Amino acid sequence: MALYSPFKNYIWNLSVAIAMESGGRIGEIVDMCQPIIDAADNGADAGTPQFMQAWAAMGRKLLELAAEDEAKGRAFSASDKLERASLYLLVAERMQGHGTQGREETYALARDSFDRSTRLGKLSRERVEIPLETGTMSAIFTRAPGDGPRPCVVFCNGLDSCKELLYWTGMPAALARRGISTLCVDQPGTGEALRLQNLPVDPHSESWASKAVDWLEQQAEVDAKRIGMTGISLGGHFAPRAVAYEPRFASGAVWGANHNWREVQDKRMQREGENPVPHYWAHVHWAFGATDQEDFLKKSADMNLNGHMDRIKVPFLVTHGANDRQISPSYADDLYDQLVNSPRREKVIFTAREGGVEHVGADNMAYGRDLIADWFAETLGGKTA
């Protein structure tokens, strides 16, 4: 496999790959991983406190170095270090079980570091709050350059990501280059919505995606007739569902086809396929607001796109990695085959020839990012050259 694998289990290696693809530096990553190589030997769950300790220590060191830069008036250098500190802290936090001591503090420090990086680096991104029926949905709005109303894409999380990790995929920068703005959202069940407001996953994603469209329609720089929707990992359920039931979306795409995630849970109970995070069942119970496994299975029953995709009547792109160890590529076939009313549908399975073969391109995000950005440029009136 193309996934860099310093550890003996997939989940830890996936976290390393996320960090590498999100702008981490290989020397820093090696320094964080080397002292904890043996900690992963007893499985994905056992050594996560050591993982947090090592990665948070690097994050704190970068915060100290950033403070030294800032004291010298070197704001851009400080911003770069704060960005990596935030990344390493979020990766460390993501690996912990719900309720782990230090998790809340680590998350708060990561968020603060990200916001300070934005200010010091004068980065073209803005934190916004979108009203929901209950609570709010925090998001990162990245404006495309240019005058007049531009297209925009709503980009949603998977099961265990957050809006900052969405930003670090490089998708907002790729879309901005093509004349398209991006709204990266912490939808219910993820990021701030889960951690700070205790808002659980809503399988009927149109309920919160429609609120994102409402907000975008109020922005003068957004062309309300050219709004697209995409999602990564479990966003491969949320994005198609939202496009199917929210007619204001003009185009859609998935970075990983999570066509029947409820069925995936049955397979995971039989130990088929890899999990995305340690303490997996505790995490999904938390994300869905479930009291136990029976309650979780009941609340996740609608995480299934069968019977809904014929409602999509706009262009739609399906992408998937050929060697995805979490979600079978067969789900990409199911999704594509059911897009019977889409005027333009396309399916791309990434192979070893180009890379991006792992789950949502964990081995190489460049191909998925470029393809999806080009897709929206073509279907929303952006530019590809």
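Residues numbered from 1 in each chain as written. Predicted model: local features only at pLDDT ≥ 70, side-chain atom pairs only at ≥ 80, totals over all residues. Heavy atoms only, no water.

Per an unreviewed UniProt entry, the chain carries the name Alpha/beta fold hydrolase and comes from Croceicoccus marinus.

Q: What exactly am I supposed to notice about the overall build of the chain here?
A: Of the regular secondary structure elements, the chain holds 15 helices and eight strands. Its C-alpha atoms give the chain a radius of gyration of 20 Å, within 12% of the compact-globule value 21 Å for 385 residues. Over its C-alpha atoms, taken along the principal directions, the chain stretches across nearly 55 × 55 × 45 Å. In the chain, buried positions account for 59% of the 385 residues. Taking as baseline every contact in the chain between residues at least 6 positions apart, the subset at least 24 positions apart corresponds to 73%. When the accessible surface of the chain is totalled, it reaches about 15,100 Å², and 47% of it is carbon and sulfur. (Helix = DSSP H or I, 4+ residues; strand = E, 2+ residues; numbered from the N terminus. Rg over C-alpha atoms; globule rule 2.2 N^0.38 Å. Buried < 20%, exposed > 50% of the residue type's maximum accessible area, 1.4 Å probe, protein only. Contact = heavy atoms within 4.5 Å. Areas by Shrake-Rupley, 256 points an atom, 1.4 Å probe, with all protein chains shown as cover.)

Q: What should I look at first to understand the nonpolar core in this one?
A: One recurring pattern in soluble globular proteins is that nonpolar side chains are buried together. In this structure, Trp-12, Ile-36, Trp-55, Tyr-88, Trp-255 and Phe-376 are the most contacted members of the largest nonpolar core, which totals 68 residues. Each residue touching Phe-376, except ones within four places of it in the same chain, is listed here: Val-153, Leu-175, Ile-180, Gly-228, Met-229, Thr-230, Ser-251, Gly-252, Ala-253, Gly-381 and Gly-382. (Core = buried A, V, L, I, M, F, W, Y, C linked by side-chain atoms within 4.5 Å.)

Q: Looking at this structure, I do not really get the packing of aromatic side chains. What am I missing?
A: Where two aromatic rings form a pair, the distance of their centres and the angle of their planes describe that pair. A complete count under the given rule lists 13 aromatic pairs for this structure. Between Phe-141 and Trp-215, the aromatic rings sit 5.4 Å apart at their centres with planes inclined by 85°, giving edge-to-face as the arrangement. Here Trp-215 lies in helix H9 (residues 206–217) and Phe-141 lies in strand E2 (residues 136–142), a separation of 74 residues in the sequence. An identical accessibility class is assigned to Phe-141 and Trp-215; each is buried. Plain terms: the ring middles of Trp-261 and Phe-296 are 6.1 Å apart, the flat faces sit at 85° to each other, and that makes the pair edge-to-face. With Trp-261 in helix H11 (residues 261–269) and Phe-296 in helix H13 (residues 293–299), this pair connects stretches of sequence that are 35 residues apart. The exposure class assigned to Trp-261 is buried, which follows from its relative accessible area of 2%. Exposure remark for Phe-296: the relative accessible area of 0% places this residue in the buried category. Among the aromatic residues, those joined into a cluster by ring pairs are Phe-7, Trp-12, Phe-51, Trp-55 and Tyr-88. Above the face of the Phe-114 ring, Arg-125 is positioned so that its terminal group lies 3.7 Å from the ring centre. The side chain of Arg-241 reaches across the aromatic face of Tyr-245, ending 4.3 Å from its centre. (Phe/Tyr/Trp six-rings, centres within 6.5 Å; stacked < 30°, edge-to-face > 60°. Lys NZ or Arg CZ within 6 Å of the ring centre and 35° of its normal.)

Q: Hey, could you run me through the side chain of His-237 in this one?
A: Turning to its location among the elements, His-237 is positioned in helix H10 (residues 235–245). Looking at His-237, the relative accessible area reads 0%, which means it is buried.

Q: Would you mind going over empty space enclosed by the protein with me for this structure?
A: Rolling a probe over the atoms, with the probe sized like a water molecule, indicates the empty space that remains. Within the structure shown, the criterion is met by five cavities of 30 Å³ or more. Along the wall of the largest cavity there are 19 residues; nearest its centre are Ile-18, Asp-160, Ser-161, Ile-232 and Val-360. Among the secondary structure elements, those contributing two or more residues to the lining of the largest cavity are helix H1 (10–21) and helix H6 (163–168). Residues belonging to the lining of the largest cavity are distributed by class as follows: 10 nonpolar, seven polar and two charged. The two domains that each donate at least three residues to the lining of the largest cavity are domain 1 (10–121) and domain 2 (125–380). (1 Å grid on protein atoms, 1.4 Å probe; cavity = no way out; pocket = protein on both sides within 12 Å on 5 of 7 lines; lining within 4 Å. Points joined across faces, edges and corners; volume = space filled by probe spheres on them. Nonpolar A, V, L, I, M, F, W, Y, C, P; charged D, E, K, R; others polar. Domains from an automatic or database assignment.)

Q: Explanation requested: H11 in the structure shown.
A: Since one α-helical turn is 3.6 residues long, residues separated by three or four positions face the same way. Three or more residues of H11 are buried, namely Trp-261, Arg-262, Val-264, Gln-265 and Arg-268. Buried positions in H11, seen along its axis, are confined to an arc of 150° and lie on one side of it. Close packing links the buried residues of H11 with helix H12 (280–288), H13 and helix H14 (330–338). Downstream of H11 by a residue or two, Arg-271 has a phi angle that is positive, lying close to 60°. (Arc of directions from axis to C-beta.)

Q: Whenever I open this one, the pattern of salt bridges confuses me. Can you help?
A: For side chains bearing opposite charge, pairing can occur when the charged atoms are close. A full pass over the atoms with the stated rule returns 29 salt bridges. Between Glu-192 and Arg-111 there is a salt bridge, with its nearest N and O atoms 3.2 Å apart. On the criterion of sequence distance, the pair formed by Glu-192 in helix H8 (residues 191–195) and Arg-111 in helix H5 (residues 103–121) is long-range, its members being 81 residues apart. Assessed through its relative accessible area of 18%, Arg-111 is described here as buried. With a closest N to O distance of 2.7 Å, Asp-374 and Arg-178 form a salt bridge. Here Asp-374 is found in helix H15 (residues 366–380), whereas its partner Arg-178 is found in the loop between helix H7 (171–177) and strand E4 (181–185), with 196 residues between them in sequence. Overall, the relative accessible area of 12% leaves Arg-178 in the buried class. Among the ionic contacts, a cluster of salt bridges with common partners joins Arg-111, Arg-127, Glu-129, Lys-163, Glu-164, Asp-186 and Glu-192. (Salt bridge = Lys/Arg side-chain N within 4 Å of Asp/Glu carboxyl O.)

Q: Where do I start with the side chain of Ser-251 in this structure?
A: Along the chain, Ser-251 falls in strand E6 (residues 251–255). A polar side-chain atom of Ser-251 sits 2.8 Å from a polar atom in the side chain of Thr-379. In this structure, Ser-251 is in contact with Ile-227, Gly-228, Met-229, Val-243, Val-314, Pro-315, Trp-375, Phe-376, Thr-379 and Leu-380, ignoring residues within four places of it in sequence. (Polar contact = N/O pair within 3.5 Å; in protein donor to acceptor, adjacent residues only side chain to side chain.)

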